Amino acid sequence: MSIGVLGRLAWALATAGVGAFWIRRARRLGLKTSFSLSFVKALGFVCLALSLFWGVVWLTIACFRITYPFELEWIGGAMRDHVERFLHHQPFYVPPGGGWFPYEYPPLYPWVCAQLLKWFPLPAFVVMRGVSIFSTIGCAVLIALWTKQLTAGSTQSALWSALAAGLFLAAYRVTGAWYDLERLDMLFLFLSLLGIYVLDKGRIGTLTASFAFTLAFFTKQQALLFIVAAVLALWHLRDWRSLCLLLGLTGGGCVVAVLLLNRATNGWFWFYCFRVPLSNGIHAVLALLFLYNDLPLYAPLIILIALLGRQTVHQMPLREKTLLFAMTAAGVLGSWLSRAHWGGDQNVLMTAYLFIGIMACTCAAYASEAHSYLQPGLLGLTLAQFVAIAYNPLAQIPHRQNREAGQRYLKEVQTLERGGEVLCLDHGGFTVPPHFQIMGLLDVLNTLHQMPLGLARALEAKRYSAILTEGLPGTKDVFGQMLYTFYRPVQRWNETTPWVVTGFLTPAPQRPVYIWRPR
């Protein structure tokens, strides 16, 4: 754990402790004149200003990054390969072999990007990031609207709904700087939030929610948790008509589409989207990481919920509080399970942090309405949360050195391709034709517990004129054994600056690039 992370956690825990002490004392003594009205207004203004500031900062970063010609995140290039499969009408869920095969994701995001590319002749990365950017803006709007709906019984509704959206946008970096990436997460989150927001708006709302949840499920499987939460909430409310409609449309739509896709791909859709993720299992060490490293970062808001949640329950209408608690539980559980899943990066924290923010702002709105003297403490905890998740915006923007590193790598690949087919094991988007990426291969190996037959034959036949890896593979794993048997590393170079600027920064001095040639 780095010093920066420890500092954030220490700040979050310390301010949460101070805030808890002050709120408990204020509730016990009724400190109605502790702070002047002007001070409270100033505190609210600072929180609103921070919401606006971090929203503008994120949008500025996104504008700077949208035209970057290389992947912003480690597997972004491989995601572009996914999009181009749809764009060129090529089979998507194919058997794992020596060529291309997909990640463990449903098809909606790459399909949507491919359709947009047919209309807009732009670089694929621009369109892919554009989908994420517009989805993020949609998420912020839906968060504000839903929080305002949840807090409709409070005169503080507008303030706290704006702060809920601001906290979401401010969490850009602590959730991996994922809001504008060439990845599917933001489209999934937008569709899920859309389903949640319209769910309790009559029959039309339930129809729309069913459609949104189904699309979310075919963007990312985690949407199943929100579907289950919606079903349980409607069951608790005894809203049988909406429950039957949701189950019939969402359940039927998902099941029928899964069966059709599975049949059309000879079972490979099920293999990649369900069998592979389930094979990774849950790791206790990673699950604990969520509890002692991820959740404590939001201690100021969590302590606010813990102190005021019971009071809020009695003030909120039954339907609103049922949906809020069900969806918050689904969001936190989804982050926890994904974090405990091998390969779960910071992006999986988005749902937990998002719903914690919504619930905290909802609790604060009702608490400040009932006891106005608590508002300084509530705003103080919110301000402390903004400070805990602050970041350096410049660190997220690619610089000239990053572009030059990507250009050097691309030039090297193009030079090697003159001699035949090249496999870039760690990066998609560089070779023609495209190939699988190491994370996809590791997932398949973990599921099959053996080398895919097509890949084994490709290595034995020395199909690739060159293979590029970052670092040397282990000699005990099945892929490493075959690689060493038929290929040998002949060249190495150290790339001091990666072109990747988000997530796993690669290549790096600790992971030199090796060029392998047939033996």
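Residues numbered from 1 in each chain as written. Predicted model: local features only at pLDDT ≥ 70, side-chain atom pairs only at ≥ 80, totals over all residues. Heavy atoms only, no water.

Draft legend 1. Here's a closer look at empty space enclosed by the protein. Scanning the model with the defined rule gives three cavities of 30 Å³ or more in all. Quantified by volume, the largest cavity comes out at close to 80 Å³. Taken together, the elements giving at least two residues each to the lining of the largest cavity come down to helix H6 (157–170) and helix H15 (350–370). The dominant element in the lining of the largest cavity, judged by the number of residues it contributes, is H15, at five residues. Taken as a whole, the second largest cavity encloses approximately 60 Å³ of empty space. Residue lining of the second largest cavity: Asp185, Phe188, Leu189, Lys220, Gln222, Asn347, Val348, Met350 and Thr351, and that is the complete set. Elements that contribute at least two residues to the lining of the second largest cavity include exactly helix H7 (185–198) and H15. The element that contributes the greatest number of residues to the lining of the second largest cavity is H7, accounting for three residues. (1 Å grid on protein atoms, 1.4 Å probe; cavity = no way out; pocket = protein on both sides within 12 Å on 5 of 7 lines; lining within 4 Å. Points joined across faces, edges and corners; volume = space filled by probe spheres on them. Helix = DSSP H or I, 4+ residues; strand = E, 2+ residues; numbered from the N terminus.)

Draft legend 2. Expanded view of the packing of aromatic side chains. Per the counting criterion, the structure on display carries 33 aromatic pairs. Between Trp268 and Phe271, the ring centres sit 5.1 Å apart and the planes meet at 80°, which makes this aromatic pair edge-to-face. Taken together, the positions of Trp268 and Phe271, both in helix H11 (residues 268–280) and three residues apart, correspond to about one turn of that helix. Considering the side-chain rings of Tyr409 and Trp499, the 4.7 Å spacing of their centres and the 45° angle between planes classify their relative orientation as tilted. Of this pair, Tyr409 sits in helix H17 (residues 400–417) while Trp499 sits in the loop between strand E3 (487–493) and strand E4 (513–518), and the two are 90 residues apart along the sequence. Three or more aromatic residues joined by ring pairs form one cluster here, namely Phe86, Phe92, Tyr93, Trp100, Phe217, Phe218, Trp268, Phe269, Trp270, Phe271, Tyr272 and Phe274. Over the ring of Phe125 we find Arg80; its NZ or CZ atom is 4.8 Å from the centre of that ring. The positively charged end of Lys201 is found above the aromatic ring belonging to Tyr197, 3.9 Å away from the centroid. (Phe/Tyr/Trp six-rings, centres within 6.5 Å; stacked < 30°, edge-to-face > 60°. Lys NZ or Arg CZ within 6 Å of the ring centre and 35° of its normal.)

Draft legend 3. Representation of the sheet that holds strand E2 (residues 466–470). The strand order E1-E2-E4-E3 describes an open sheet built from four strands, whose pairing is mixed. If you trace the sheet from one side to the other, it starts and ends with strand E1 (422–424) and E3, each paired once. Put simply, the sheet's adjacent strands are angled 25° from each other on average, direction ignored. Its contacts with the sheet place H17 against E1, E2, E3 and E4, and it is angled at close to 150° to E1. (Pairing = 2+ DSSP bridges. Axes fitted to C-alpha atoms, helices over the stretch in contact; angles between N-to-C directions. Contact = heavy atoms within 4.5 Å.)

Draft legend 4. Inspection of the packing of helix H5 (residues 124–150) against H6 at higher detail. Relative orientation of the contacting elements H5 and H6 amounts to 150°, with a least axis distance of 8 Å. Considering the angle they form, H5 stands roughly antiparallel to H6. Here H5 and H6 pass one another in a crossing that is right-handed. Taken together, the residues of H6 that come into contact with H5 (itself represented by Thr136, Cys139, Ala140, Ile143, Ala144, Thr147 and Lys148) are Ser157, Trp160, Ser161, Ala164, Ala165, Phe168 and Leu169. A breakdown of the residues in the contact of H5 with H6 according to their chemical character gives nine nonpolar, four polar and one charged. (Parallel < 35°, antiparallel > 145°, perpendicular 65-115°, else oblique. Left-handed = near helix turned anticlockwise from the far one by under 90°. Nonpolar A, V, L, I, M, F, W, Y, C, P; charged D, E, K, R; others polar.)

Draft legend 5. Quick look at the side chain of Ser192. By secondary structure assignment, the location of Ser192 is in helix H7. Residues within four places of Ser192 in sequence aside, it is in contact with Phe213, Ala216, Ala223 and Phe226.

Draft legend 6. Main features of the side chain of Glu104. The topology assignment puts Glu104 in the loop between helix H3 (76–87) and helix H4 (108–119). Nearest to the buried, unbridged Glu104 among oppositely charged side chains is Arg183, at 8.8 Å. Filtering out sequence-adjacent residues up to four positions away, Glu104 remains in contact with Gln221, Tyr272, Cys273, Val276, Pro277, Asn280, His341 and Asp443. (Buried < 20%, exposed > 50% of the residue type's maximum accessible area, 1.4 Å probe, protein only. Lys, Arg positive; Asp, Glu negative; His and termini not counted. Salt bridge = Lys/Arg side-chain N within 4 Å of Asp/Glu carboxyl O.)

Draft legend 7. Quick peek at the nonpolar core. If you look at the biggest cluster of nonpolar residues, it comprises 176 residues, and the most contacted ones within it are Phe168, Met327, Leu459 and Leu468. The leading source of residues in this core is H15, at 15 residues. Aside from chain neighbours lying at most four places away, what touches Met327 is Trp146, Ile196, Leu199, Phe213, Phe226, Ala229, Ala230 and Phe355. (Core = buried A, V, L, I, M, F, W, Y, C linked by side-chain atoms within 4.5 Å.)

Draft legend 8. Representation of the state of the cysteines in the model. Using the criterion set out here, one finds zero disulfides in the structure. As a non-bridged cysteine, Cys254 has Cys273 as the owner of its nearest cysteine sulfur, 12 Å distant. The exposure class assigned to Cys254 is buried, which follows from its relative accessible area of 9%. (Disulfide = S-S within 2.5 Å.)

Draft legend 9. Highlighting the pattern of salt bridges. Within the structure shown, the criterion is met by twelve salt bridges. Across the salt bridge formed by Glu404 and Arg400, the nearest N and O atoms sit 2.9 Å from each other. Here Glu404 and its partner Arg400 are both found in helix H17, four residues apart, which amounts to about one turn of the helix. Residue class for Glu404 comes out partly exposed when judged on its relative accessible area of 28%. With a relative accessible area of 53%, Arg400 lands in the exposed category. Among the ionic pairs, Glu495 bridges to Arg408, the shortest N-O distance being 2.4 Å. Of the two residues, Glu495 sits in the loop between E3 and E4 while Arg408 sits in helix H17, which places them 87 residues apart along the sequence. Residue Arg408 is classed as partly exposed on the basis of its relative accessible area, which comes to 42%. The network of salt bridges with common partners includes Asp426, Glu470 and Arg511.

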